[in-house]
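# A look at the structure
For reference, the chains in residue letters:
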Amino acid sequence: MGLFESENQPRRTAVVLGGGMAGLFAANVLSDHFERVTVVERDDGGKDEWRPGVPQSRHVHVLLLRGVEILRRQFPGLEEELLALGAPPLNWLQETAVLAAGGWLPRFNLDLLGFSVSRDLLERQVREHLRRRANIHFRNGHRVTRLCANSDNSRITGAVCAANGDSVTLHADLVVDACGRASRLPEWLAEFGYPEPRESTVNADVGYTTRWYRIPAGWQAEWKMVLLGTRFPDISGGAVVQPVEDNRWVVTLVGYAGNHPPTDEAGFEEFARNLIGPQVWEAISAAQPLSGIIGYRRTENHWRHFEGLKRWPQGLIALGDSVCAFNPVYAQGMTVSALSAEVLDGVLRDSGSAELGLAFQKKLAKMLQTPWQLATSDDFRWAGRAAGDATLFDRFMHLYLEHVLDRIQRKDVCLTFFNVAHLVSPPVSLFRPGLAIPILWDMAKAAVGGGSRSRPAALSR
Ligand SMILES: Cc1cc2nc3c(=O)[nH]c(=O)nc-3n(C[C@H](O)[C@H](O)[C@H](O)COP(=O)(O)OP(=O)(O)OC[C@H]3O[C@@H](n4cnc5c(N)ncnc54)[C@H](O)[C@@H]3O)c2cc1C
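The sections below set out a description of the structure shown in this document.

About the thresholds
- Residues numbered from 1 in each chain as written.
- Predicted model: local features only at pLDDT ≥ 70, side-chain atom pairs only at ≥ 80, totals over all residues.
- Heavy atoms only, no water.
- Helix = DSSP H or I, 4+ residues; strand = E, 2+ residues; numbered from the N terminus.
- Rg over C-alpha atoms; globule rule 2.2 N^0.38 Å.
- Buried < 20%, exposed > 50% of the residue type's maximum accessible area, 1.4 Å probe, protein only.
- Contact = heavy atoms within 4.5 Å.
- Areas by Shrake-Rupley, 256 points an atom, 1.4 Å probe, with all protein chains shown as cover.
- Lys, Arg positive; Asp, Glu negative; His and termini not counted.
- Charge placed at Lys NZ, Arg CZ, Asp CG, Glu CD.
- Pairing = 2+ DSSP bridges.
- Axes fitted to C-alpha atoms, helices over the stretch in contact; angles between N-to-C directions.
- Near = heavy atom within 4 Å.
- Polar contact = N/O pair within 3.5 Å; in protein donor to acceptor, adjacent residues only side chain to side chain.
- Nonpolar A, V, L, I, M, F, W, Y, C, P; charged D, E, K, R; others polar.

### Description of the overall build of the protein chain
Secondary structure summary: the protein chain contains 12 helices and 21 strands in total. In terms of overall size, the protein chain behaves like a compact globule, its C-alpha atoms giving a radius of gyration of 23 Å where 461 residues would be expected to give roughly 23 Å. Expressed along its principal axes, the backbone C-alpha trace of the protein chain runs to roughly 65 × 55 × 40 Å. Taking all 461 residues of the protein chain together, 55% fall into the buried category. At a minimum sequence separation of 6, the contacts of the protein chain that also span at least 24 residues come to 73%. Roughly 19,400 Å² of accessible area belongs to the protein chain as shown, and the carbon and sulfur atoms make up 51% of that amount. For the protein chain, the separation between the mean place of its 50 positive charges and that of its 51 negative charges on side chains is 2 Å.

Listed below in structure tokens is the structure:
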């Protein structure tokens, strides 16, 4: 059996619908398993910095350390290229001022080394790497309008695209939907008689507002990046100052539960001035704006449970935001896309194409559980009753996490918390006995009225 064959079907051609991060990561993996991979993207591939297909790229995009790890493995040399192009290296915790749930994380040097880059540059360089692979091809300026199927609709056989007023049909042994949040996959499948998936939504009504700045010459501060988190229910506004290539800051203000940062200059500045820490206001009042003020509101956690469908055609999979999109505050989307590509790689290596289709969606769903839980746990509280009642488990976790944060000044606790938030370690690591036993003891004491926890104090710095 040749490299591009499996027991059940040939692996000649794969078509990836959508050339965002999820599509690109998937194409990279597929090129090891298919003779030819085509990435179809509605944007025309022009040189504009902010392409219209991904309006979110104008806002802060932080790559979690798990994402950095995968990138290093999947795209050797990419990190060095990004650094050479001006992306600042970042020693997490040491060089970042992070306010989590009302308390500052300590500033240890734990050699948590990543980098900080705009979404646009990261995507361009990943695409550049893919262009170097002879079996990956790009069809830009092609908008997918529907899928094609065989005569009994049991197999997806390709996709139809609109391009320059024409209709183009691309045939493939495997079609991968990576069209993002706005993917029309459920409608496309319904055309062939497949049921709609159940959907889960947890909407904390978060608004983003962003402006780009030139970092002032000679700027000195005790941080390279600032993240001001929120705290339910009293601190609904947060912000990020992210340093990126070309000596710029991306400054994103964030507001929960409808407290959306305004998009006019006076309102934007007022919001920044009233944040819980002074760092963001100090930075932007010293810096020269490079852009207008841009808002973004489509931030709900949204999961289409394709894995739960009884029927699903062969020759099709979906990943990225098309399946599960997160409140961006947790910065998980790109890393989860990279993890999804690794799930795909594992399936193709271990089981062959037989495991593609519904079996892949089930494996993907298993991986998605952790980031979904991390993103929605706090958002449930902000979303209020609209999201349904928090389960007993959710309430336990909220309380438990508050106790973890009470102990965050301890190096070991801080590292564990950080690694969970960066998807490096599973949440279960927060329950190792040395941490869990004293916390559970404190919780039990509080439950019988024998004690109360004090909130982390440090709100100013
Ligand atoms: C405001 C905001 C901030 C974010 N911040 C972070 C962050 O800090 N860290 C992080 O990791 N993630 C962040 N994310 C999430 C991140 O952008 C995505 O999760 C990640 O890029 C994966 O997305 P995707 O590739 O599935 O979808 P997208 O990036 O949306 O890409 C989908 C692609 O499909 C194309 N497309 C759509 N429809 C069609 C069609 N019919 N035909 C052809 N092409 C089509 C689009 O043009 C686009 O290129 C943020 C998201 C938002 C909204």
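That was the structure; now back to the text.
### Description of helix α1 (residues 21-30)
With 10 of 10 residues buried, α1 lies mostly within the body of the structure. Those residues of α1 lying buried are M21, A22, G23, L24, F25, A26, A27, N28, V29 and L30.

### What to know about the sheet that holds strand β8 (residues 143-149)
Strand order in the open sheet made by the three strands is β8-β9-β10, with antiparallel pairing throughout. Two strands in the sheet have a free side with no partner beyond their single neighbour: β8 and β10 (166-171). The average undirected angle you get between the axes of adjacent strands in this sheet is 25 degrees. Bridging between β8 and strand β9 (residues 156-163) involves six bridges; their strand directions are antiparallel. The partner of L147 across the bridge, within β9, is A159.

### Some thoughts on the sheet that holds strand β19 (residues 301-305)
Pairing is antiparallel in the open sheet, where three strands are placed in the order β12-β19-β21. The open sheet terminates on both sides in strands that have one partner only, identified here as β12 (198-202) and β21 (324-325). Of the pairings in the sheet, the one linking β12 to β19 comprises five bridges and is antiparallel in character. Across the sheet, residue E199 finds its bridge partner in β19, namely R304. Of the strands in this sheet, β12, β19 and β21 are in contact with helix α9 (residues 358-383), which crosses β19 at around 140 degrees.

### Let's talk about the site of the ligand
Inspection of the region around the ligand gives 33 residues, with E41, V62, R119, D321 and M334 positioned closest. A22 has a polar backbone atom sitting 2.9 Å from an oxygen atom of the ligand. Between the ligand and A331, the relevant distance is 3.4 Å, taken from an oxygen atom to a main-chain nitrogen or oxygen of the residue. Within the complex, the protein chains bury 96% of what would otherwise be the 1,000 Å² of accessible surface of the ligand. With four residues, helix α8 (residues 333-350) is the largest single contributor of residues to the shell around the ligand. Tallied by class, residues from the shell around the ligand come to 14 nonpolar, 13 polar and six charged.

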